[in-house]
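The lines below spell out each chain.
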Amino acid sequence: SQQGEEDPQALSIQEGENATMNCSYKTSINNLQWYRQNSGRGLVHLILIRSNEREKHSGRLRVTLDTSKESSSLLITASRAADTASYFCATDGASGSRLTFGEGTQLTVNP
Amino acid sequence: DVKVTQSSRYLVKRTGEKVFLECVQDMDHENMFWYRQDPGLGLRLIYFSYDVKMKEKGDIPEGYSVSREKKERFSLILESASTNQTSMYLCASRGHALAKNIQYFGAGTRLSVL
């Protein structure tokens, strides 16, 4: 079964810097999504990229997808303290409704 | 905005108790999901439902059951709670397939079984 794995597990940066998180997965996918989770809360959808897309932007977020390497990256530019959270990638495949989540990257942005 | 509401943020139960975790969504979504989240293991799917009275096992259904009598409500039941079921439980919903498979999550229920 496909499995998302984020890298690094934890990332600590200063406000204003860029943060890059990576996700690797196995098997073919229809879409790849990134979610954010504030401490002790539920997940919130950030951005979705389809398997036939290579890059997508949303505000300060930039997602890339390389299906040949079965990997994706999430870039947060000009980070803010409020970006401190855990970030998860999630993939879906031929089965459709189910998502498979990675273990997440804990991002800390220091003011 | 989609709202997914989980009935409790924190629960403390004793081993052997029957535990009900409730989840309600207000967007008429067909699909609903229950996950548990544990450090180092990410989110694992327990059960999901794609319609009223329909349910499908996820990756870790043992020790759990579910009920979906109404479209907006999806309940997770721990028949006899055990300490290894101490975890964060997350409910999610998703609309029709045309909704791009984006899931909307509740705030979570942190369950402690003593």
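Below is a summary of the structure that appears in this document. Computed from a predicted structure; not experimentally measured.

**Overview of the pattern of salt bridges**
(1) Moving on: On inspection of all chains with the given rule, the structure shows eleven salt bridges over all chains.
(2) Moving on: Across the salt bridge formed by A:Arg60 and A:Asp83, the nearest N and O atoms sit 2.9 Å from each other. Of this pair, A:Arg60 sits in the loop between strand S6 (55-58) and strand S7 (61-66) while A:Asp83 is found in the loop between strand S8 (71-76) and strand S9 (85-92), placing the two residues 23 residues apart along the sequence.
(3) Moving on: Residue classification places A:Arg60 among the partly exposed positions, given a relative accessible area of 23%.
(4) Moving on: Taking the relative accessible area as the measure of exposure, A:Asp83 reaches 7% and is therefore buried.
(5) Moving on: Here B:Arg44 makes a salt bridge to B:Asp38, at a shortest N to O gap of 2.9 Å.
(6) Moving on: Here the salt bridges share partners, and the residues they tie into one network are A:Arg36, A:Arg60 and A:Asp83.

**Here we look at the packing of aromatic side chains**
(1) Moving on: Taken as a whole, this structure holds eight aromatic pairs over all chains when the rule is applied.
(2) Moving on: Aromatic side chains A:Phe101 and B:Phe105 sit 6.0 Å apart centroid to centroid with 80° between the ring planes, which places their arrangement in the edge-to-face category. Of this pair, A:Phe101 sits in strand S10 (residues 100-101) while B:Phe105 sits in strand S10 (residues 104-105), each in a different chain.
(3) Moving on: Here B:Phe105 falls in the buried class, since its relative accessible area comes to 10%.
(4) Moving on: With a centroid separation of 5.7 Å and an interplanar angle of 35°, the aromatic rings of B:Tyr35 and B:Phe105 are classed as tilted. One end of the pair, B:Tyr35, is in strand S4 (residues 31-38); the other, B:Phe105, is in strand S10, with 70 residues separating them in the sequence. Note on accessibility: B:Tyr35 and B:Phe105 belong to one class, buried.
(5) Moving on: Through a chain of ring-to-ring contacts, three or more aromatic side chains come together here, namely A:Tyr35, A:Phe101, B:Phe33, B:Tyr35, B:Phe48 and B:Phe105.

**A short note on the side chain of B:Arg94**
(1) Moving on: Here B:Arg94 is to be found in strand S9 (residues 87-94).
(2) Moving on: One buried charged residue, B:Arg94, forms no salt bridge at all, with the nearest opposite charge on A:Asp92 at 6.4 Å.
(3) Moving on: Reaching out from B:Arg94, the side chain makes a polar contact with the side chain of B:Asn101 at a distance of 2.9 Å.

Conventions we followed
Residues numbered from 1 in each chain as written. Chains lettered and ligands numbered in written order. Predicted model: local features only at pLDDT ≥ 70, side-chain atom pairs only at ≥ 80, totals over all residues. Heavy atoms only, no water. Salt bridge = Lys/Arg side-chain N within 4 Å of Asp/Glu carboxyl O. Helix = DSSP H or I, 4+ residues; strand = E, 2+ residues; numbered from the N terminus. Buried < 20%, exposed > 50% of the residue type's maximum accessible area, 1.4 Å probe, protein only. Phe/Tyr/Trp six-rings, centres within 6.5 Å; stacked < 30°, edge-to-face > 60°. Lys, Arg positive; Asp, Glu negative; His and termini not counted. Polar contact = N/O pair within 3.5 Å; in protein donor to acceptor, adjacent residues only side chain to side chain.

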